[in-house]
Amino acid sequence: MGVVNVTPDSFSDGGLYADTDRAVAHGRELLAEGADILDIGGESTRPGATRPVPAEELDRVVPVIEALASHGATVSVDTMRSEVAAAALAAGASIVNDVSGGLADPAILDVVAGSDATYVAMHWRAHSDRMQDFAVYDGPGGVVEAVRAELAARADAARTAGVPDDRLVLDPGLGFAKLAGHNWELLRHLDRIGDLGLPILVGASRKTFLGRLLADPADPDARPRPVDQREAAGVALTVMLAAGAGRTGVWGVRVHDVRAHLDALRVVAAWQGDARA
Ligand code: PMM
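Residues numbered from 1 in each chain as written. Predicted model: local features only at pLDDT ≥ 70, side-chain atom pairs only at ≥ 80, totals over all residues. Heavy atoms only, no water.

Trainee: I'd like to hear about empty space enclosed by the protein, residue by residue, with values.
Mentor: Applying the stated rule across the entire model yields 2 cavities of 30 Å³ or more. When its volume is computed, the largest cavity comes out at roughly 50 Å³. Together, Val202, Ala204, Ser205, Gly234, Leu237, Thr238, Leu241, Val253, Arg254, Val255 and His261 line the largest cavity. For the lining of the largest cavity, the element with the most residues is helix H9 (residues 231-242), which contributes 4 residues. Residues belonging to the lining of the largest cavity are distributed by class as follows: 6 nonpolar, 4 polar and 1 charged. A volume near 40 Å³ is recorded for the second largest cavity. For the second largest cavity, the full set of lining residues is Glu43, Thr45, Glu57, Asp78, Thr79, Met80 and Val99. The residue makeup of the lining of the second largest cavity, split by class, is 2 nonpolar, 2 polar and 3 charged. (1 Å grid on protein atoms, 1.4 Å probe; cavity = no way out; pocket = protein on both sides within 12 Å on 5 of 7 lines; lining within 4 Å. Points joined across faces, edges and corners; volume = space filled by probe spheres on them. Helix = DSSP H or I, 4+ residues; strand = E, 2+ residues; numbered from the N terminus. Nonpolar A, V, L, I, M, F, W, Y, C, P; charged D, E, K, R; others polar.)

This is how it looks when you write it as C-alpha cells:
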C-alpha cells in the first residue's frame, strides 16, 4: 500500500503532494513502482496535528481519488469521517482506511456496510492533538493484550454494523497512542493480533520510533533521525514481517517508498524459492 498524503502537514511527506496534480502524479509514480493499493489521505495524523474541516478534507481527496481510480488504481481512502468515506467510495475508492477504527465517527461503519468496500480498522485511542496522553498500557499483558482487545471490539462494532469478516482488516496502529517500546512489543507479538482471524496491515514507514532507534549516539539531545533518513529501517521491518518475524502473516504494509519495499520483498521471495523470483 503506497501512501499519498494530500496534506500540508503530514510528518513524513507534508506539503510535497498537497495539490491535486502533484498528488495524482505521485500516485501514478507509486503505481508504476508496483503498489497494489494507493492510500489517499487528506488529514494529517502526526502527533499534535489539528484537524482540517470536513469540506477541506473532501476538497483534498476527492479529485485525487477520481483521477487515480479512473486510471485503474485500487484506491483506499485514509479518513475517520463518514462523509469523506461516502464521497471517496462514490469517487471510486474500494477500501476505507479508518485510523480510528470507527471510534471518531461511528457512522463510517454504516457507510462501509452499505457498500462493498473493505474496511481497515486501526487501533486508536484519541485524536492526534492528545493521543500520546493515552499511551498507557498498565493492564495484564500490557500493550499487546490491550491493543488486541480494543481491536477485537472494533471488529465486533464493524460486524454489528453489517461489515462481514471478508471485508475486514486490522492494524495495530504503530505510533498512535504508543511509545517506541509499545510499537516494538506489538511487532514482536503480532501473532496475538493475527489470532483474531483477520488480515493485518502494518504502518511503520518513517515513523518516529524508527527515528529514535536511529538517533545519533553522539547527539547529547538524542534527537530522532530526520524523517527522510529512515527508509532503510522501514525496509528492514518489511523484510522481518515478510520473513514471518511477527509469527504471523501480514496482509499489507503501508509505505512511502514503494520501490524500496518491493525490492526487499523480491529478495525475501527469492530466498524462499518463490518461482517468480
Ligand atoms: N499511519 C498514518 C496514517 N494512516 N493508516 C493505517 N492503517 N495505519 C497506519 O499506521 C497509519 C495510517 C500516519 O503516517 P503518515 O503521516 O506517514 O501517513
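Picking up where we left off.
Trainee: Explain the site of the ligand residue by residue, including any values.
Mentor: Near the ligand there are 16 residues, and of these Asn97, Asp171, Lys207, Arg254 and His256 occur at the shortest range. Separating an oxygen atom of the ligand from a side-chain N or O atom of Asn5 is a distance of 3.1 Å. For the ligand, the protein covers 98% of the area, taking 420 Å² as the surface of the free molecule. Of the residues belonging to the shell around the ligand, the class tally is 5 nonpolar, 7 polar and 4 charged. (Near = heavy atom within 4 Å. Polar contact = N/O pair within 3.5 Å; in protein donor to acceptor, adjacent residues only side chain to side chain. Areas by Shrake-Rupley, 256 points an atom, 1.4 Å probe, with all protein chains shown as cover.)

Trainee: Describe the sheet that holds strand S3 (residues 75-78), listing the residues and the values that go with them.
Mentor: One open sheet holds the 6 strands; their spatial order is S1-S2-S3-S4-S5-S6, and the pairing between them is parallel. Here the strands that pair on one side only, and so sit at the sheet edges, are strand S1 (2-5) and strand S6 (168-171). The sheet shows a mean angle of 20 degrees between the axes of neighbouring strands, taken without regard to direction. The sheet contact formed by S1 and strand S2 (residues 38-41) spans 4 bridges and is parallel. Each residue of the ladder has a partner; that of Gly2, found in S2, is Leu38. Sheet strands touched by helix H5 (residues 142-161): strand S5 (118-122) and S6. Its angle to S6, the strand with the most contacts, is close to 160 degrees. (Pairing = 2+ DSSP bridges. Axes fitted to C-alpha atoms, helices over the stretch in contact; angles between N-to-C directions. Contact = heavy atoms within 4.5 Å.)

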